[in-house]
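Working through the structure, step by step
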Amino acid sequence: LALEEMLRAAQIDPSNESVVVEAARRCIRAQKPDKAVDLLTKATAYPGASGGLYAWLGLAYSQAGKTNLAIAADRTAIKKAPQSLAPYQNLAQIYLLTTRTNEALRVLDDAARQPTGDPGFLIDLADLYGRFGHVQASQRETINQRIRALLDRAADLGSANPLQTLRLAEAY
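Residues numbered from 1 in each chain as written. Predicted model: local features only at pLDDT ≥ 70, side-chain atom pairs only at ≥ 80, totals over all residues. Heavy atoms only, no water.

Time to look at the packing of helix H2 (residues 17-29) against helix H4 (residues 51-63). Where H2 contacts H4, the axes come no closer than 11 Å and their chain directions differ by 15 degrees. By the angle between their axes, H2 is roughly parallel relative to H4. Crossing handedness for the pair H2 and H4: left-handed. Contacts between H2 and H4 pair Glu17, Val20, Val21, Arg25 and Ile28 from the former with Leu53, Trp56, Leu59, Ala60 and Gln63 from the latter. Here the contact of H2 with H4 is composed, by residue class, of seven nonpolar, one polar and two charged. (Axes fitted to C-alpha atoms, helices over the stretch in contact; angles between N-to-C directions. Helix = DSSP H or I, 4+ residues; strand = E, 2+ residues; numbered from the N terminus. Parallel < 35°, antiparallel > 145°, perpendicular 65-115°, else oblique. Left-handed = near helix turned anticlockwise from the far one by under 90°. Contact = heavy atoms within 4.5 Å. Nonpolar A, V, L, I, M, F, W, Y, C, P; charged D, E, K, R; others polar.)

On to H4, then. Spacing of three or four residues puts side chains on the same side of an α-helix, whose turn is 3.6 residues. Between its first and last C-alpha, H4 extends 18 Å over 13 residues, near the 18 Å set by a 1.5 Å rise per residue. Looking at H4, one finds that the buried residues are Gly51, Leu53, Tyr54, Ala55, Leu57, Gly58, Ala60 and Tyr61. Looking at the buried residues of H4, the elements they touch are H2, helix H3 (33-44), helix H5 (67-80) and helix H6 (85-97). Looking at the residues trailing H4, positive phi occurs at Gly65, about 80 degrees. (Expected span 1.5 Å × (residues − 1). Buried < 20%, exposed > 50% of the residue type's maximum accessible area, 1.4 Å probe, protein only.)

In short, shape yes, function no, at least from these values alone.
Structure representation (structure tokens):
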């Protein structure tokens, strides 16, 4: 019942991003990705739809088993918001699940090339590389070098956030 009410609220105003994202998140969590796809498709039809909406659409498509549409949505999300980690993560996950590991690594490398002043982005990306390294043991040395470079960049930026500082220390 709560999900249906949230969906109705989002459908009344698909330009209200926070309501749309919350409704889509609940649909995905309830394993109703087609409802999330429908809602997010309407929301991304509005001019100026954010990269975040497209990242959610990519996730919903992926959950619905629509891989090509998920890839397209995540690519759009990256173009609109290149410093948001979610679409890179979604896309890398899709490629890993479809055994396209070289493409997954290229996606992570693309994210690593983004200029950022956010140490959290770099620490989270290092974590994604670490998960990739567990799947691709044959590339572990290369992955570890990339992780170290990201952590060094994050350390150089510094952080006022104690949690980020702790995560950085633990990642080294």
